[in-house]
Amino acid sequence: MTINNFNLLKSKFQKKRNISLIVGILLFFLGILDFCLNNFQNKNITFFLPGSISFFTPLIFAVIGLHLIRIEFSGIKILDKLNKNINTSNFNAALSSCIILLLIFALPPLLNWFIFDANIAGDTKEACTGGGACWVYIKVWFNRFMYGMYPNAEQWRINVTFIAVLLFMAVGFFVPNRLRNYLSFYYTILLPIISFILIYYIISGGSFGLVWVETGAWGGLSLTFMVSFFSLIFCFPLGMMLALGRRSNLPVVKYSSLSFIEFWRGVPLITVLFMSAVMFPMFLPEGTYIDKLIRVVVAITLFEAAYTAEVIRGGLQALPRGQYDAAKSLGMGYWKMHIFVILPQALKLVIPGIANTFLALIKDTPLIFVVGLLEVVGMLNLAKTNPKWLGFSMEGYVFAGIIFWIICFSMSKYSQSLELKYKTDR
Amino acid sequence: MSDTIIQIQKVNKWFGDFQVLKEIDLEVKEKEKIVVCGPSGSGKSTLIRCINRLEEHQKGTIIIDGTEISEDTKNIEQVRADVGMVFQQFNLFPHLSILDNCTLAPIWVKKMSKKDAESLATEHLEKVQIIDQAQKFPGQLSGGQQQRAAIARALCMEPKIMLFDEPTSALDPEMIKEVLDVMVNLAKQGMTMIVVTHEMGFAKEVADQMIFMDEGMIVEKATTKDFFANPKSDRTKLFLSQIL
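Procedures and definitions
- Residues numbered from 1 in each chain as written.
- Chains lettered and ligands numbered in written order.
- Predicted model: local features only at pLDDT ≥ 70, side-chain atom pairs only at ≥ 80, totals over all residues.
- Heavy atoms only, no water.
- Helix = DSSP H or I, 4+ residues; strand = E, 2+ residues; numbered from the N terminus.
- Rg over C-alpha atoms; globule rule 2.2 N^0.38 Å.
- Buried < 20%, exposed > 50% of the residue type's maximum accessible area, 1.4 Å probe, protein only.
- Contact = heavy atoms within 4.5 Å.
- Areas by Shrake-Rupley, 256 points an atom, 1.4 Å probe, with all protein chains shown as cover.
- Domains from an automatic or database assignment.
- Phe/Tyr/Trp six-rings, centres within 6.5 Å; stacked < 30°, edge-to-face > 60°.
- Pairing = 2+ DSSP bridges.
- Axes fitted to C-alpha atoms, helices over the stretch in contact; angles between N-to-C directions.
- Salt bridge = Lys/Arg side-chain N within 4 Å of Asp/Glu carboxyl O.
- Polar contact = N/O pair within 3.5 Å; in protein donor to acceptor, adjacent residues only side chain to side chain.
- Nonpolar A, V, L, I, M, F, W, Y, C, P; charged D, E, K, R; others polar.
- Core = buried A, V, L, I, M, F, W, Y, C linked by side-chain atoms within 4.5 Å.
- Parallel < 35°, antiparallel > 145°, perpendicular 65-115°, else oblique.
- Left-handed = near helix turned anticlockwise from the far one by under 90°.

Draft legend 1. Summary view of the overall build of chain B. Assigned secondary structure in chain B consists of nine helices and ten strands. Taken over C-alpha atoms, the radius of gyration comes to 18 Å for chain B, in line with the 18 Å a tight globule of 244 residues would show. For the C-alpha atoms alone, the extent of chain B along its principal axes is close to 50 × 45 × 35 Å. Among the 244 residues that make up chain B, the fraction classed as buried is 57%. Contacts spanning at least 24 positions in sequence make up 66% of the contacts within chain B whose residues lie at least 6 apart. Total accessible area on chain B stands at roughly 10,800 Å², and carbon and sulfur atoms take up 47% of it.

Rendered as structure tokens:
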């Protein structure tokens, strides 16, 4: 008796379920169809409804459709997956539908602009006949975006230097275990010196038969890299020292670190750059001259070091006191304790924060335009005012956006891999 | 007198207005084992943390093996190297393997060669029976194993004195025994030990002297036998009746 009842119930239930499933799918696609017709054919199939309701019909259809196909367990793999991931409640269903409709709305025009209606062949403005992006502009100016005003014939010097620096950076991967302890020394002190010498003699020139190219002519992405590279390398150890200094028991060290940090955190970068370029030379004794680029790198380094210091201090503060106790009880002094016990743990904790600061630093570099140094965004701004190429600022900014995204995304990925590498369960 | 290794005279310590240690006098001879007990907040941890100056005392003198511990102590690191300490929360270095935990201080403080330090560490890890865990990280070990590793780490400095700050209080009951066994063995080998603990069974087995502390004072100091058989003060009697 009971079994019969149950079977009856089950089959009834199943029938009902199948109907709701079919109706739901139909409604959902009706919503999408309505939306597509509205958007791409300018036809409104719900014209008989009042305007405001008619506007929302696609969304309403889609949400009701999703509601009907929300079944606890159907046995159909796709359906279950869909329900689990985008259709757990009416609110989620509404959000999912909004996103789907938004994608349908935004993707085709974007793709058209980027690819289908875009032009890349040719090398004059007149080659751009389509309604989309004019990649010809980027192609023609590419050299400038990469190397700034650096003479075309000499650009191989930048390439050679960058490849050499990259090789020197890669040393860390090939070093034998016995020398591993010296790597941080190498990266923070030797590598910057080597790179500086390379840049000074090859990119700057003036000796070994190479033509002198003044720093004002450097620019584009290569300048972005140079400024970021030196600032990143120097701001990290400096920030570390400041963070330790701020926690020091010695009043002089403590308060000088504190005021340094608070000063640099309190002033905007653009002012700092401006001061470094305009005011600073006035304080120098007659006849001394420090290159604009060096002043800018120093300014950015000091500025970002203050931020890095606070990030690292956060990590130091997060360590339990027991770690300090244990290190002290083993007879380690201040420096041994910090180098072997405290900093390795604290720095591991702050990898996300450090990555954050570094990404911000890279994205701050375009500000060096205020002192007349034109890195990639500066070159774009220059190029867009060229009378022969007016009206392509959009392409330029999209291009710069993509470049910065690639740099920052790869750094962010790298920081994630570092986090994984140094993960030991606490 | 020559075999007195720790001498504490009239030591006072305040945390702000609160006095944690009041006129503490204590003398420890070489190879002596002392167990300190008492209710929480009675200052027993603070007392042994003062011995290697993880806490600073404000009044009185502490002399360790002929060196007075004070603000002017230049070689506080030298004293600390001679005084091993084991903590309630183990405090192993989580970013280093057990072996590296043990070799770190011998290599960098005692300037031992890596090879010597490793063989020394292996020896001590064998003694505490976790040599098979040597390559693991602290986070992968049980509490009892971590505490034994911490003991081995302290022993690798070859200290003259070992301080134990409630070494079993953070452990599961099953793991307490494995740690206590290690400590009993250590006591039998003639180490000078000051142990803060509530493990009265351990105290009866190894302690030469018992110290009972309350409200920052040493209420009772007696040989182990006397302490348990006929405690003098009422406070001690009350404590013992609750704990035994």
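Draft legend 2. Inspection of the domain arrangement of chain A at higher detail. Domain parsing of chain A yields domain 1 (3–116) and domain 2 (135–150 + 213–423). With centres defined by C-alpha atoms, the gap from domain 1 of chain A to domain 2 of chain A works out at 48 Å.

Draft legend 3. Representation of the side chain of Thr236(B) within the structure. Along the chain, the position of Thr236(B) falls in helix α9 (residues 234–243). Among residues more than four places away in sequence, those in contact with Thr236(B) are Phe212(B), Val219(B), Glu220(B), Phe227(B) and Pro231(B).

Draft legend 4. Spatial organisation of unusual backbone geometry. Residues and elements named next belong to chain B. Positive phi is not limited to glycine here, since Lys31 has a value of about 65 degrees. Position of Lys31 relative to the elements: it lies in the loop between β2 (18–29) and β3 (33–37). Unusually for a residue other than glycine, Lys111 sits at a positive phi of about 55 degrees. By the secondary structure assignment, Lys111 is in the loop between α3 (98–108) and α4 (114–127).

Draft legend 5. Geometry of the packing of aromatic side chains. All names here are of chain A. Here the structure, examined in full by the defined rule, presents 16 aromatic pairs over all chains. Between the aromatic rings of Trp113 and Phe114, the centroid separation amounts to 5.1 Å while the plane-to-plane angle is 80 degrees, which identifies the pairing as edge-to-face. Residue classification places Phe114 among the partly exposed positions, given a relative accessible area of 31%. Ring geometry for Phe230 against Phe234: centres 6.2 Å apart, planes inclined by 20 degrees, an arrangement best described as stacked.

Draft legend 6. Here's a closer look at the sheet that holds strand β5 (residues 67–68) of chain B. Residues and elements named next belong to chain B. The four strands lie next to each other as β2-β1-β4-β5, forming an open sheet whose pairing is antiparallel. The sheet is open, and its two borders are formed by β2 and β5, each paired with just one other strand. Helix α1 (residues 44–51) rests against β1 (4–15), β2 and β4 (59–64) of the sheet, and its axis sits at about 120 degrees to β1.

Draft legend 7. Representation of the interface of chain B and chain A in the model. Taken together, the 25 residues of chain B in the interface contact 21 residues of chain A. On inspection of chain B and its partner chain A, the count reaches two salt bridges. With a shortest N-O distance of 3.5 Å, Glu55(B) and Arg321(A) are connected by a salt bridge. Applying the counting rule to chain B against chain A returns seven residue pairs in polar contact (both at pLDDT 80 or more). Sorting the residues of the side of chain B that touches chain A by element identifies α2 (76–82), β6 (83–86), α3 and α5 (143–155) of chain B as the ones contributing at least two each. Partitioned by chemical class, the residues of the side of chain B that touches chain A number 15 nonpolar, four polar and six charged.

Draft legend 8. Focus on the nonpolar core. Grouped together as the largest cluster of nonpolar side chains are 127 residues, with contacts concentrated most on Phe145(A) and Met332(A). Examining the composition of this core, we find that 13 residues originate from one element, helix α8 (residues 220–246) of chain A, more than from any other. When sequence neighbours within four positions are dropped, the list of residues in contact with Phe145(A) reads Tyr137(A), Ile138(A), Gly220(A), Leu221(A), Val376(A), Met379(A), Leu380(A), Ala383(A) and Phe399(A). Grouped together as the second largest cluster of nonpolar side chains are 48 residues, Leu99(B), Leu155(B), Met162(B) and Val182(B) included.

Draft legend 9. Summary view of the sheet that holds strand β10 (residues 217–223) of chain B. All names here are of chain B. Read from one edge of the open sheet, six strands run β6-β7-β8-β3-β9-β10, paired in mixed fashion. At either margin of the open sheet sits one strand with a lone partner, and together these are β6 and β10. Within this sheet the neighbouring strands show an average axis-to-axis angle of 15 degrees, counted without direction. Across four bridges, the pairing between β6 and strand β7 (residues 161–165) is parallel. Following the sheet pairing, Val83 is matched in β7 by Ile161. Where α5 meets the sheet, its contacts fall on β6 and β7, and the angle it forms with β6 comes to roughly 170 degrees.

Draft legend 10. Region of interest: the side chain of Asn12(B). All names here are of chain B. As for its position among the elements, Asn12 is in strand β1. Polar side-chain contacts of Asn12 include one of 2.9 Å to the side chain of Glu23. Ignoring anything within four residues of it in the chain, the contact list for Asn12 reads Gln19, Leu21, Lys22, Glu23, His57, Gln58 and Lys59.

Draft legend 11. Layout of the packing of helix α7 (residues 183–204) of chain A against α8(A). All names here are of chain A. Running from N to C, α7 and α8 point in directions that differ by 155 degrees, and their axes come no closer than 10 Å. If you check the angle between α7 and α8, you find them roughly antiparallel. The handedness of the crossing between α7 and α8 comes out as left-handed. Packed against α7, whose contacting residues are Tyr187, Thr188, Leu191, Pro192, Ser195, Phe196, Ile199 and Ile203, the element α8 presents Met226, Phe229, Phe230, Ile233, Phe234 and Pro237 at the interface. Of the residues assigned to the contact of α7 with α8, the class counts are twelve nonpolar, two polar and no charged.

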